[in-house]
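# Structural description and commentary
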Amino acid sequence: QTPRGRRRSLSGGLFKSWRRRWRSKGGEGGSHESRCTRASVAAPPVVPSIPCSRLALISKVIHPQQVIHSVVHAVMGMLVAWCAAVMTKGKFLFLSVPCPPSESSADDVPYMCLNEYHLFLLLLGAFMGYSYSLRYLVHHMNYLPFPIIQQYKYLRFRRSLPLLAKQSCVESFYMVRNFCAAYYFFGYIPKAWIITTMNLRIDSKLHPLDTVAGLLDLSLLYHSWLCGVFLLITWYIAWLLFRIYSTEAHHFPVQPTFAEETDQCLPKILNSNPPPILKFLALQDLMFLSQYSSVRRQEVFSLSQPGGHPHNWTAVSRECLNLLNDLTLKLIAHQEAAATNGRLNQPSVGDLRKAPNTPGATAEESSLQTPRAGILPRAHMTSLVKSSLLPLKTSPVADFGSNLGSPFSPSPLTRKAGVLELSSPWHGSVQSPHIMRRGPKLWTSYSDLQWTGSPQEPLPMTAVAKVTNGAVQPSSLYLWLQSKKEQIKSFLSKRVLIMYFFSKNPEASIQALFSDTQMHIWALEGLSHLVAASFTEDKYGVVQTTLPSILNTLLTLQEVVDKHFKLPYVSSKPPRTSGNLADTSYKTLRFALRASLKTAIYRITTKFGEHLNAVLVSTEHNKRLQQFLEFKE
């Protein structure tokens, strides 16, 4: 095999192995669920799993999979330390050595004494292995971050080598320091166990290593540090090479050459449920093709033969819009949770009952009932309903993102079912549809969709009356259990130690909310570049049919993202990134999403210009679109 062929086999080996596993587990003709659940086990994760509380982090540390990972690395570290001790020779060679003559018996039969230097190195290797495993978990080194700028594998590896060597030296120094402190306090435990098990003695002429004088041995500290550097460099090189080869860009064909390659095409992979890494690679390839390959863009805009249908464009645009709509729904739910978790005050019952009779109420109700056609599909998206009042307590996502408040807030199940709390001012009152529409809602909730079937259609008064009259009063046992439950929650929420472990970090929760935003950024860039290129390259006008839904989706997402950054606990500045091997780009994904979203809208408006005035969008979106056309956003 030629060197060029070997390089190709190395670059595509990981991708081909994942694709073969996916196809063998059901990728061709199998069900989507089995395909996703089975094949994703073999593929590495591409989204970090961010614990939002200290209890969540502790649960990840004691997870059986993490425990096995730590034990294996501790054993490997002990094995490498034993090899280093054997190669060093001298006083590090054996675990047991003959005792000096003074320690022997009168009949000149020598006893064996414990070589504490050898034991020190072995325990140090186990400690470093466990520390590396713990760092591997805490710094999310198990997931694969994709590089922003694509480079050759050799250049990426060569660029990372100085940082890899520096970090290994620094981490080895701190690990040796931490192990010396641990050995000073707890070193007698393994030493006494080894002496008892192997029937060894202690050389009284040497200083024990669990003392200050014993730990100040420069030769011991130097060899320990050198052993740690060798161990960490070996692990980091293997980890770096795996990450470089796994995140290398891959080109998916847009149209199959043969019928057997249909499942390997870009539209097919985007609309199926492959392993996450294949999904990311496909979206990355979509972003590259939309920017740099006019030939492949023509394949996306082409029509099927026979029939003349834009199957490729329909599949690509539908998946991108679905991803953006899902992100919009997730952000709306998070903002509803922020509004219902005590950030805003709930109006009184009297104000709400008088609201429909106030002047201008009818006009406002009619404006709220006006359908906003074309914003988003009814099955996927709720309309953005603005109101100066606050959300009702019956919001289905009232407890979503409970990191914003106490973890002992009422359960969301009762709110999803539409059950009102006893302490709510709505309990026992007439549920008028006008009051419900005048309710303090930041967004239209999912429960409204369940009642009305669409976000625009109001709930008929007869239906509300039937539901109200047919409501069943809860039993006394249920009320007693609910009261006890609330008392227990109130009692636990006042305990500092419990809240220390259960309280969630707002910044970590926001990072978890945007942890998978990289694929949404690629979908944004790919979709906007394709729309901009269609102005001159789309011969059949296939993009013009979906241009209104694309603009409405982008403008709605931009409005939701702007509202997210206006929340009181959301930072407006990206955090500082540490200069180490561990990737921290997931901490700034929300800022990258905001910039990419605004750039994508400007890319479309600058290309189409005044032609966008003929696109059917809502009045609010038309005003926002004019701001982009006038470069005022």
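Residues numbered from 1 in each chain as written. Predicted model: local features only at pLDDT ≥ 70, side-chain atom pairs only at ≥ 80, totals over all residues. Heavy atoms only, no water.

## What to know about the overall build of the protein
How we decide: Helical segments are the DSSP runs of H or I of at least four residues, strand segments are the runs of E of at least two, and each set is numbered from the N terminus. Relative accessibility decides the category of a residue: with a 1.4 Å probe and only protein chains considered, values under 20% of the type maximum give buried, values over 50% give exposed, and everything between is partly exposed. By the convention used here, residues are in contact when the closest approach between their heavy atoms is within 4.5 Å. Accessible areas in this description were obtained via Shrake-Rupley with a 1.4 Å probe; residue shielding takes into account the shown protein chains only.
Within the protein one finds 26 helices and two strands. When burial is assessed residue by residue, the protein has 45% of its 633 residues classed as buried. Contacts spanning at least 24 positions in sequence make up 80% of the contacts within the protein whose residues lie at least 6 apart. Carbon and sulfur atoms make up 62% of the accessible area of the protein, which totals about 32800 Å².

## A short note on the state of the cysteines
Put simply, the test is: Here, two cysteine sulfur atoms that lie within 2.5 Å of each other are counted as a disulfide.
Summed over all chains, the structure comprises one disulfide. C99 shares a disulfide with C113; S-S distance 1.7 Å. Between C99 and C113, the S-S torsion sits near 115°, and that sign places the bridge as right-handed. Placement of the pair is C99 in the loop between β1 (96-98) and β2 (112-114) and C113 in strand β2, with a sequence separation of 14 residues.

## Some thoughts on the pattern of salt bridges
The line we're drawing: Any carboxyl oxygen of Asp or Glu that lies within 4 Å of a side-chain nitrogen of Lys or Arg is treated as forming a salt bridge with it.
Taken as a whole, this structure holds 13 salt bridges when the rule is applied. Among the salt bridges present, the one from K191 reaches D210, with a minimum N-O distance of 3.5 Å. Within this pair, whereas K191 is found in helix α7 (residues 188-198), its partner D210 is found in the loop between α7 and α8 (212-215), the two being separated by 19 residues in sequence. Considered together, K191 and D210 belong to a single accessibility category, that of buried residues. Close ionic contact of R624 with E633 constitutes a salt bridge, the shortest N to O distance being 3.5 Å. Residue classification places E633 among the partly exposed positions, given a relative accessible area of 28%. Each of E116, K191 and D210 takes part in one network of salt bridges that share partners.

## Some thoughts on a nonpolar patch on the surface
How we decide: Here, patches come from residues exposed beyond 30% relative accessible area and free of salt bridges, joined within 9 Å for like charges and within 5 Å for nonpolar side chains (Val, Leu, Ile, Met, Phe, Trp, Tyr).
On the surface, Y184, F185, F186, Y188, I189, V212 and L216 cluster together into a nonpolar patch covering about 770 Å² of accessible area. Counting only elements with at least two residues in the nonpolar patch, the list comes to α6 (153-186) and α7. For L216, the location among the structural elements is in the loop between α8 and α9 (218-246). Judged by relative accessible area, L216 falls into the exposed class, the value being 59%.

## Focus on the packing of aromatic side chains
Note the cut-off: Aromatic pairing here means that ring centres of Phe, Tyr or Trp (its six-membered ring) are within 6.5 Å. Orientation follows from the plane angle: under 30 degrees is stacked, over 60 is edge-to-face, and everything else is tilted.
In total, this model carries 24 aromatic pairs according to the counting rule given. Ring geometry for F146 versus F280: centroids 5.8 Å apart, planes at 20°, classification stacked. Of this pair, F146 sits in the loop between α5 (116-138) and α6 while F280 sits in helix α11 (residues 276-292), and the two are 134 residues apart along the sequence. Assessed through its relative accessible area of 11%, F146 is described here as buried.

## Remarks on helix α4 (residues 64-88)
Short version of the rule: Multiplying 1.5 Å by the helix residue count minus one yields the expected span of that helix.
Spanning 25 residues, α4 covers 36 Å between terminal C-alpha atoms, matching the ideal 36 Å at 1.5 Å per step. For α4, the full list of buried residues reads Q66, S70, H73, A74, G77, A81, A84 and A85. Residues of α4 that are buried sit in contact with α3 (54-61), α5 and α9. Downstream of α4 by one or two residues, K89 has phi in the positive range, about 60°.

## Digging into the packing of helix α24 (residues 547-565) against helix α25 (residues 589-608)
The test is simple: Lines fitted to the C-alpha atoms define the axes, with helices restricted to the stretch that makes contact. Angles between their N-to-C directions range from 0 to 180 degrees. By convention the crossing between two helices is left-handed if the near helix lies anticlockwise of the far one by an angle smaller than a right angle, and right-handed if it lies clockwise.
At a closest axis distance of 10 Å, the pairing of α24 and α25 adopts a crossing angle of 145°. As for the relative orientation of α24 and α25, their crossing is left-handed in sense. In this structure, α24 uses L547, L551, L554, L555, L557, Q558, V561 and F565 to contact α25, whose residues at the interface are R590, F591, L593, R594, L597, K598, I601, I604 and F608.

## Some thoughts on unusual backbone geometry
Going from Q305 to P306, the amide bond is cis rather than trans, its omega being -5°. The topology assignment puts P306 in the loop between α12 (294-301) and α13 (311-343). Positive phi, normally seen in glycine, also occurs at K89, with a value near 60°. Assignment of secondary structure puts K89 in the loop between α4 and β1. Of note in the backbone geometry, F631 takes a positive phi value of approximately 55° without being a glycine.

## Examining the confidence of the model for the protein
Rule in force here: Residue-level confidence of the predictor is summarised by pLDDT, bounded by 0 at the bottom and 100 at the top.
Counting all residues, the mean pLDDT for the protein is 77, and 71% of those residues have values of 70 or more. The low-confidence segment residues 1-11 (pLDDT under 50) makes six contacts with residues lying over four places distant or belonging to another chain. Low pLDDT, under 50, characterises residues 342-469; the stretch is placed with 213 contacts to residues that sit more than four places away or in other chains.

## Structural notes on the nonpolar core
Our working rule: We call a set of buried residues a nonpolar core when its members are Ala, Val, Leu, Ile, Met, Phe, Trp, Tyr or Cys and they connect through side-chain atoms within 4.5 Å of each other.
Among the nonpolar cores identified, the biggest contains 74 residues, and I277, L286, W313, L331, V531, L554 and L612 are the most heavily contacted of them. Among residues more than four places away in sequence, those in contact with L554 are L324, L524, L597, I601 and I604.

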